[in-house]
Amino acid sequence: MSSTKSYPPLVHGDSRPGRGVREHRAAAIAAGILYIIGTASGILSKAVTYLPVHNADDPLAYAADHSGAVATGALLVLVMGLSLAMVPVVLFPMLRQLDEVLATGYLIIRGAVEATTYVIVATAWLLLVPLADTMAAGPGTASPAGVRLGTLVIDSDGASAIMSLVFCFGGALFYVLLYRSRIVPRWIASWGLIAVPLYAAAYLLAMYGVVDINSSTVNLFSLPLAVQEMVLAVWMIARGFRPAAVSNTPVA
């Protein structure tokens, strides 16, 4: 036997005509902008700090000589983490009307847990400079232990994989909710649901040492989700959500 589940209309908190629609339109625009800020900050942090330090012969020495770049990179990571964490916060009042369990899970995973991991990463980057001072073997010299420690701090494949899995789990909750509710076109939500496993697989392969974390394989597997999130961000800014699409959803 099948039944029809009726979701409440996406008009919440005010009975005046159009108030709820304007609120959700504003939430969609804010979320789209936050997505773009977070993604841009992540790309810049990798270019400014991660790749130069990662590719240096002595990561700690490089960090000590470029402390401003390291601080900027850490700040960009923090901006990325907080921007992405604010997306579920901004959308939660609306998403909870569609499915409170999925919306709460999305808020916890992408809001609290993922933001915490980015704060830890930013803190670890800032520790590179004082670690360099502590491990220095002398003027113009590189401490072998310092080289290893610097590499560990900046290039932990396992930690990157865990962060990515947290990101993927939260993303999967979000895209399931979008797919079921139809507040964005289903092809966008389906794209996300297909891209999330590819993204997770890339970092699992890196965690088990099958591929390098900076390999073309990881970049290729990550690309579909990166592009999808930018498409979703632009759609939310340009078109917003479609409240009428969730009024009647068949449920088996």
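Residues numbered from 1 in each chain as written. Predicted model: local features only at pLDDT ≥ 70, side-chain atom pairs only at ≥ 80, totals over all residues. Heavy atoms only, no water.

*Asks:* What's the story with the overall build of the chain in this structure? I'm lost.
*Replies:* A tally of regular secondary structure across the chain gives nine helices and two strands. Put simply, the chain runs from its N terminus to its C terminus through helices and strands in the order β-α-α-α-α-α-α-α-α-α-β. Looking at the chain as a whole, 41% of its 252 residues qualify as buried. If you take every contact in the chain between residues at least 6 apart in sequence, the share linking residues at least 24 apart comes to 78%. Surface summary for the chain: the accessible area is close to 12200 Å², and the carbon and sulfur share equals 69%. (Helix = DSSP H or I, 4+ residues; strand = E, 2+ residues; numbered from the N terminus. Buried < 20%, exposed > 50% of the residue type's maximum accessible area, 1.4 Å probe, protein only. Contact = heavy atoms within 4.5 Å. Areas by Shrake-Rupley, 256 points an atom, 1.4 Å probe, with all protein chains shown as cover.)

*Asks:* Is there a simple way to explain the packing of helix 3 (residues 67-95) against helix 4 (residues 100-126) in this structure?
*Replies:* Any two packed helices are characterised by the angle at which their axes cross and by the distance between the axes. Two elements in contact, helix 3 and helix 4, have axes whose closest approach is 9 Å; the angle formed by their N-to-C orientations is 170°. Put simply, helix 3 runs roughly antiparallel to helix 4. (Axes fitted to C-alpha atoms, helices over the stretch in contact; angles between N-to-C directions. Parallel < 35°, antiparallel > 145°, perpendicular 65-115°, else oblique.)

*Asks:* Mind showing me how you'd approach the UniProt feature "transmembrane region" (unreviewed entry) in the chain here?
*Replies:* Mapped onto the present numbering, the UniProt feature "transmembrane region" (unreviewed entry) falls on residues 26-48, 68-95, 107-128, 158-179, 191-211 and 217-238. In residues 68-95, helix accounts for 100% and strand for 0%; the two terminal C-alpha atoms are 40 Å from one another. With 81% helix and 0% strand, residues 191-211 has end C-alpha atoms that lie 25 Å from one another. (UniProt positions renumbered as here; feature names shortened; annotations may be inferred.)

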